Amino acid sequence: MKTGIIAIIGAGKGGTAILEALLKMPSVITKHVCDVNPSAPGIILARQHGIQCHTRMAAICQDKEIDLIFEVTGRKEIFARILAQKQEKTRVIGSEDARIIFHLLDLQQEVSDRLEDDNLILERRVLERTTEQEKANKELEQKIIEYEKLNEKLQQINNEKTKYLMHATHQLKAPFAAIQSYTDLILEGYVGEIPKTTRAIVEKINKRCILLSDSIKDMLELANLKSLVKENIQMSGCPLDSIISSVVKHLAALTVSREIKISVPATLDDVFVQCNRNQILILLSNLLENAIYYSPNGATISIAFKAVPASLVKISVTDHGIGIDEKHLPRIFEEYFRANKAVAVNERGTGLGLAIAMEIAEIHGTKIEVESTLGKGSVFSFHLKTAQKTKIHNS
Ligand SMILES: Nc1ncnc2c1ncn2[C@@H]1O[C@H](COP(=O)(O)OP(=O)(O)O)[C@@H](O)[C@H]1O
Ligand SMILES: [Mg+2]
């Protein structure tokens, strides 16, 4: 920006106001101030700022550097004299015009004062908001700490409950097994002939005992899984083929009795998965057991696996059985949930198999996914990490 060099003639009230305004302008240099009165307020102010002060205006009019002279004496003859004596390029503003400029500068000052005030108010508001926000944050942190403590307590209570449940369930296991074996003895005729009606009742008791034993086994299994500390569970690289063949073998009696064929992947030799073998055996058994129970006799069930990015294997169990109603899908992993259609085809269900399977999946950092169409069949799948030194062939 070009710098303007300015002189003021007249250092009374008007001249002082002009000088004050000019002093605030960065691109303006006030070089001279002149007044017949050497102690006029404008002269005193000018001195304080190192500006040349005069009582006669001759030096000012001769100065070639001056771009603009403010004549603020209000006397016409002085204005005329300046015009006559000034250098060619110097321009002159008379008292009238200076007053207008002064007024404008005044207005500008007022506006900037107001802006400054508004800014201050805004800053104060921002500060207040920040303080409020900080307070709210602190309260929230405090609440989170309280909730964490509460959660810890709840966890403790839950652990106690699980322990108690395990204990109570365990206590029930033996008496039910005894009742079941006594009913076996009666039904097999070891205590002599029994009337038909009694046999029917004893058969019912026997069936109930088997059901209860299954329930107790599943309840203990689930309670045990819930009470495990994740970090203490041993994981190792296990060959997938041995896991699958163990599960298939374990369920052989059931598949044979239902004439069900299980198709397993052919190329499993060198696939290793990182897992707790016993738990994955249970998980896969539960999925396969469901596929068998909820398929018609003579059906085919397939177990498949697929390598997926990020060192994972996706293992799936597909059946062409009764399928699951869409509205029941979100509930099948709930403890004790059984769809009506499932109850009708499988009397021996406990409603805990999938809850156990999901618990195991979560321990392994995965989830069980399900796709199913009512009347057509279901696919249950989950991911496991591949163990080191594993080569996977996609099937
Ligand atoms: N393969 C499947 N086909 C159809 N329904 C299934 C299948 N697997 C699970 N379900 C549904 O999910 C419910 C819960 O399964 P689960 O926890 O194993 O209990 P259960 O088999 O003892 O009933 C079953 O009762 C059934 O309604
Ligand atoms: Mg089941």
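What counts and what doesn't
Residues numbered from 1 in each chain as written. Chains lettered and ligands numbered in written order. Predicted model: local features only at pLDDT ≥ 70, side-chain atom pairs only at ≥ 80, totals over all residues. Near = placed C-beta within 6 Å. Helix = DSSP H or I, 4+ residues; strand = E, 2+ residues; numbered from the N terminus. Core = buried A, V, L, I, M, F, W, Y, C linked by C-beta atoms within 7 Å. Buried ≥ 20, exposed ≤ 12 C-beta atoms within 10 Å, placed from the backbone. Domains from an automatic or database assignment. Contact = placed C-beta atoms within 7 Å. Axes fitted to C-alpha atoms, helices over the stretch in contact; angles between N-to-C directions. Parallel < 35°, antiparallel > 145°, perpendicular 65-115°, else oblique. Left-handed = near helix turned anticlockwise from the far one by under 90°. Nonpolar A, V, L, I, M, F, W, Y, C, P; charged D, E, K, R; others polar. Pairing = 2+ DSSP bridges. Arc of directions from axis to C-beta.

Colleague: Is there a simple way to think about the site of ligand 1 in this case?
Modeller: Surrounding ligand 1, one finds 22 residues, the nearest of these being Asn-290, Ala-339, Ala-342, Gly-349 and Gly-353. For the shell around ligand 1, the secondary structure elements donating two or more residues are helix H9 (277–293) and helix H11 (353–363).

Colleague: Help me understand the environment of Ala-21, please; the structure alone is not making it clear to me.
Modeller: Within the secondary structure layout, Ala-21 lies in helix H1 (residues 13–23). The spatial distance from the C-alpha of Ala-21 to the C-alpha of Asp-106 is 8.4 Å, given a sequence separation of 85 residues.

Colleague: Whenever I open this one, the nonpolar core confuses me. Can you help?
Modeller: Considering soluble globular proteins, one finds that nonpolar side chains tend to be buried as a cluster. Residues Leu-240, Leu-283, Leu-287, Leu-288 and Ala-357 are the most contacted members of the largest nonpolar core, which totals 45 residues. Elements with a contribution of two residues or more to this core: helix H6 (196–227), helix H7 (240–250), strand S8 (272–275), H9, strand S9 (300–308), strand S10 (312–319), H11 and strand S12 (377–386). Looking at which element gives the most residues to this core, the answer is H9, with 9 residues. Taken together, domain 2 (153–227) and domain 3 (234–386) each give at least three residues to this core, which thus spans both. Sequence-distant contacts of Leu-287, that is, excluding residues within four places in its chain, are made with Val-317, Ala-357 and Phe-380.

Colleague: How should the environment of Gln-52 be read in this particular structure?
Modeller: Looking at where Gln-52 falls in the secondary structure, it is placed in strand S3 (residues 52–54). Taking the C-alpha atoms as reference, Gln-52 lies 37 Å from Asn-119; in sequence the two are 67 residues apart.

Colleague: Mind showing me how you'd approach unusual backbone geometry here?
Modeller: Positive phi, normally seen in glycine, also occurs at Ala-310, with a value near 65°. For Ala-310, a count of 7 C-beta atoms within 10 Å puts it in the exposed group. Phi is positive for Ser-311, which is not a glycine, with a value near 55°. Note on placement: Ser-311 falls in the loop between S9 and S10. According to the C-beta neighbour criterion, Ser-311 is partly exposed, with 14 such atoms within 10 Å.

Colleague: Would you mind going over the packing of helix H5 (residues 95–187) against H6 with me for this structure?
Modeller: When two helices pack together, their arrangement is given by the angle between the helix axes and by the axis-to-axis distance. At a closest axis distance of 8 Å, the pairing of H5 and H6 adopts a crossing angle of 155°. By the angle between their axes, H5 is roughly antiparallel relative to H6. Read as a crossing pair, H5 and H6 show a hand that is left-handed. Class assignment for the residues of the contact of H5 with H6 results in 17 nonpolar, 10 polar and 6 charged.

Colleague: Just checking my understanding: could you explain the sheet that holds strand S5 (residues 91–93) for this structure?
Modeller: The strands that make up a sheet pair up through hydrogen bonds in the backbone, lying either parallel or antiparallel. Spatially, S3-S2-S1-S4-S5 is the arrangement adopted by the 5 strands of the open sheet, whose pairing is parallel. Sheet topology places S3 and S5 at the edges, where each strand pairs with a single neighbour. Averaged over all pairs of adjacent strands, the angle between their axes in this sheet comes to 25°, without regard to strand direction. The strands touched by helix H4 (residues 76–85) are strand S1 (4–9), strand S4 (68–71) and S5; relative to S4, the strand with the most contacts, the crossing angle is about 165°.

Colleague: I keep staring at the domain arrangement of the protein and nothing clicks. Help me out?
Modeller: One frequent convention defines the size of an interface as the accessible area lost when the parts assemble. One can read the domain layout of the protein as domain 1 (4–93), domain 2 (153–227) and domain 3 (234–386). Averaged C-alpha coordinates put domain 1 and domain 2 at centres separated by 112 Å.

Colleague: Explain the environment of Thr-162 to me, please; I cannot follow it from the model alone.
Modeller: For Thr-162, the location among the structural elements is in helix H5. Separated by 101 residues in the primary sequence, Thr-162 and Ser-263 have C-alpha atoms spaced 38 Å apart. When residues no more than four places from it in sequence are discounted, the contact partners of Thr-162 are Ala-223, Lys-226 and Ser-227.

Colleague: How do you make sense of the packing of H9 against H11 when you look at a structure like this?
Modeller: Contact geometry of H9 with H11 gives a least axis separation of 9 Å together with a crossing angle of 145°. For the pair H9 and H11, the sense of crossing is left-handed. Residue-level contacts link Gln-279, Ile-282, Leu-283, Asn-286, Leu-287, Glu-289 and Asn-290 of H9 to Gly-353, Leu-354, Ile-356, Ala-357, Ile-360, Ala-361 and Ile-363 of H11. Among the residues making up the contact of H9 with H11, the classes are represented as 9 nonpolar, 4 polar and 1 charged.

Colleague: Got a minute to help me understand H7 in this structure?
Modeller: One turn of an α-helix holds 3.6 residues; hence residues three or four places apart share an orientation. Residues of H7 that are buried: Leu-240, Ile-243, Ile-244 and Val-247. Burial along H7 is one-sided: seen end-on, the buried residues are contained in an arc of 95°. Residues of H7 that are exposed and point over 90 degrees away from its buried face: Ser-242 and Lys-249. Residues of H7 that are buried sit in contact with strand S6 (236–239), S8, H9, S9 and S10.

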